[in-house]
Amino acid sequence: MKETLKEKKMMDMEKLEALQNLKAEFWDGKYKVESEDGKIDFKPFFFNEEGIPIAIKRALGDFTDRTERLNPKSGYKSFGVEEKFEVLCGTDGEKHEEPEKGSFVQEFIDYFFHNDGKNMGKEEFDEWHHNRCKQFLEVIGPKYRGELKYGKAQKVVNMTFKNAYCLPECENSGLNNSGEFYTHCHMPLDSFTLEWIGRAQKWVGQQKDAIKSKNGVYLRKSRIPSWSSMNYEEDSKKYYGYKEIQDVIFTYFEENILKNPSTKYLKGYTPLQAEFFVWKYMKFELAAEQFYNQCLSFIEVDDKTKNEQNEFKGKTINKKLECLQEKLKDIEIYKVPEEV
């Protein structure tokens, strides 16, 4: 049965509302600031030239540098969010109080308010994105001993866009946080989104009629690296690179999102928008699978239970919930024997 125009409009409204709820849950635009008298408060920020730097600062909090060693020239002093931000306000590796022309911070401000970034085509945006990642590594990299990987830079760039997308509009400012700014934005890559990509690509590899990619292959999970150790391009046929992973993500959204029962709920969303759902639900799915396996551990493990584990992993989120509810109906087998 074909959807009526009214039904389609209602569905679109529901999808938009679901996205707005996740955006609000992720970030409401408030950020911790310290006043001159030392008091800490959460100040609201908006979609303007003051809000974008805060989106960058919040993204810098996702740059996990605990695995990186500081360069001896730094005196081994801590290199926190504020210090990183001040360095990114310049191009020379030194701290700056205000964003300088051409700096990482100013380039983001220009993208939204001076370069009309919403009119960029995909190729133009990909080049701009790559330049910001390279710039981040060039400016921040020398602060550490050893080479910072591209995966660290993509996390900051992509999370800046995600944060900016959540910034509320300020009344009477005339500035519109249009979705057109984010049409070509990439999906931020971390352990949860990479797990989702690996599963989606496994499904692609099992389908005869699925679009596997522009060069006729799909990503094998064993060759997807951790996000923090990721290079820009494929690493000597051992691990896929950031570029190849993002290309396959866009191909998947264009050709396969509806064919896979586990991902068809993402119809109509861009990769950046979909990440709000993917990150939340993938985290839940992994927890559900672990719990399901624990339930099976009360039963003698054999080939049948192993097959159940694999079947459960391949189910949609809703089917996983139904299976867990069925398991817990027979609650007696999970009860701990108590002394009388």
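Residues numbered from 1 in each chain as written. Predicted model: local features only at pLDDT ≥ 70, side-chain atom pairs only at ≥ 80, totals over all residues. Heavy atoms only, no water.

1. Details of the overall build of the chain
Here comes step 1: Each helix and strand in the chain was counted, giving 11 helices and four strands.
Here comes step 2: In the chain, which comprises 340 residues, the proportion classed as buried is 43%.
Here comes step 3: Long-range contacts, defined as pairs at least 24 residues apart, comprise 64% of the intrachain contacts of the chain with a sequence gap of at least 6.
Here comes step 4: By element, 49% of the accessible surface of the chain is carried by carbon and sulfur atoms, the whole surface being about 19,700 Å². (Helix = DSSP H or I, 4+ residues; strand = E, 2+ residues; numbered from the N terminus. Buried < 20%, exposed > 50% of the residue type's maximum accessible area, 1.4 Å probe, protein only. Contact = heavy atoms within 4.5 Å. Areas by Shrake-Rupley, 256 points an atom, 1.4 Å probe, with all protein chains shown as cover.)

2. Points about the packing of helix H3 (residues 81-88) against helix H5 (residues 122-140)
Here comes step 1: Contact geometry of H3 with H5 gives a least axis separation of 10 Å together with a crossing angle of 110 degrees. With respect to their mutual orientation, H3 and H5 come out roughly perpendicular. Crossing of H3 over H5 shows right-handed handedness. Between H3 and H5, the contacting residues are Lys84, Val87 and Leu88 on the first element and Phe136, Val139 and Ile140 on the second. (Axes fitted to C-alpha atoms, helices over the stretch in contact; angles between N-to-C directions. Parallel < 35°, antiparallel > 145°, perpendicular 65-115°, else oblique. Left-handed = near helix turned anticlockwise from the far one by under 90°.)

3. Quick notes on the pattern of salt bridges
Here comes step 1: With the rule as written, the count across this model stands at 16 salt bridges.
Here comes step 2: Residues joined in a network through salt bridges with shared partners are Glu195, Arg199, Lys221, Glu285, Glu289 and Lys320. (Salt bridge = Lys/Arg side-chain N within 4 Å of Asp/Glu carboxyl O.)

4. Side note on the pairing of strand S2 (residues 40-44)
Here comes step 1: As judged from the five bridges shared by strand S1 (residues 30-34) and S2, these two strands associate in the antiparallel manner. Residue Tyr31 lies in a different strand from S2, and its bridge partner there is Lys43. (Pairing = 2+ DSSP bridges.)

5. What about the packing of aromatic side chains?
What describes a pair of aromatic rings is the distance from one ring centre to the other and the angle between the planes of the rings.
Here comes step 1: Per the stated rule, a full pass over the model turns up 37 aromatic pairs.
Here comes step 2: Ring geometry for Tyr150 versus Tyr232: centroids 5.0 Å apart, planes at 50 degrees, classification tilted. With Tyr150 in helix H6 (residues 150-166) and Tyr232 in the loop between helix H7 (191-206) and helix H8 (242-255), the pair connects residues that are 82 residues apart, well separated along the chain.
Here comes step 3: Relative accessible area serves as the criterion here: at 6%, Tyr150 is assigned to the buried category.
Here comes step 4: Owing to a relative accessible area of 23%, Tyr232 belongs among the partly exposed residues under this scheme.
Here comes step 5: With 4.8 Å between their ring centres and 35 degrees between their planes, Tyr269 and Phe277 make a pair best called tilted. Residues Tyr269 and Phe277 agree in their burial class; the two are buried.
Here comes step 6: The ring of Phe85 has Lys57 sitting right over it, with the charged end atom 4.8 Å from the ring centre.
Here comes step 7: The residue whose ring lies beneath Lys122 is Phe250, and the NZ or CZ to ring-centre distance is 4.3 Å. (Phe/Tyr/Trp six-rings, centres within 6.5 Å; stacked < 30°, edge-to-face > 60°. Lys NZ or Arg CZ within 6 Å of the ring centre and 35° of its normal.)

6. Some thoughts on the nonpolar core
Here comes step 1: Counting residues in hydrophobic clusters, the biggest one holds 79 residues, and the most contacted among them are Ile52, Phe112, Phe136, Phe161, Tyr182 and Ile245.
Here comes step 2: At nine residues, the largest contribution of residues to this core is made by H6.
Here comes step 3: Not counting chain neighbours up to four residues away, the residues in contact with Tyr182 comprise Phe47, Phe112, Phe161, Ala164, Tyr165, Asn177, Thr270 and Leu272.
Here comes step 4: Counting five residues, the second-largest nonpolar core is a separate cluster that includes Ala288, Tyr292, Leu296 and Leu324. (Core = buried A, V, L, I, M, F, W, Y, C linked by side-chain atoms within 4.5 Å.)

7. Topic: a nonpolar patch on the surface
Here comes step 1: The grouping of Phe291, Leu328 and Ile331 at the surface amounts to a nonpolar patch, some 240 Å² of accessible area in total.
Here comes step 2: Here Phe291 is to be found in helix H9 (residues 271-296).
Here comes step 3: Judged by relative accessible area, which is 39%, Phe291 ranks as partly exposed. (Patch = residues over 30% accessible without salt bridge, like charges linked within 9 Å, V, L, I, M, F, W, Y side chains within 5 Å.)

8. Re H6
Here comes step 1: The terminal C-alpha atoms of H6, which comprises 17 residues, lie 25 Å apart, in line with the 24 Å expected from a rise of 1.5 Å per residue.
Here comes step 2: Within H6, 17 of the 17 residues are buried, which leaves it mostly tucked inside the rest of the structure. (Expected span 1.5 Å × (residues − 1).)

9. Quick word on the packing of helix H4 (residues 104-113) against H5
Here comes step 1: Relative to each other, H4 and H5 sit at 160 degrees, their axes nearing to 10 Å. What the angle tells us is that H4 and H5 run roughly antiparallel. Read as a crossing pair, H4 and H5 show a hand that is left-handed. For the pair formed by H4 and H5, the contact residues are Phe104, Glu107, Phe108 and Tyr111 on the first element and Phe125, Trp128, Arg132, Gln135 and Phe136 on the second.
Here comes step 2: Considered class by class, the residues forming the contact of H4 with H5 number six nonpolar, one polar and two charged. (Nonpolar A, V, L, I, M, F, W, Y, C, P; charged D, E, K, R; others polar.)

10. Section: unusual backbone geometry
Here comes step 1: Phi angles above zero are rare outside glycine, and Asp116 is one such case at about 55 degrees.
Here comes step 2: Notably, Asn172 is not glycine yet its phi reads approximately 65 degrees, a positive angle.
Here comes step 3: As for its position among the elements, Asn172 is in the loop between H6 and H7.

11. Focus on H9
Here comes step 1: Compared with the 38 Å implied by 1.5 Å per residue over 26 residues, the 35 Å span of H9 between its first and last C-alpha is a close match.
Here comes step 2: The axis of H9 is deflected most strongly, by about 25 degrees, at Phe277. (Bend = angle between axes of the 7 residues up to and from the residue.)

12. Quick look at the side chain of Glu289
Here comes step 1: Its location among the elements puts Glu289 in helix H9.
Here comes step 2: Non-local contacts of Glu289, meaning those with residues more than four positions away in its chain, are made with Arg199, Phe312, Lys313 and Lys320.

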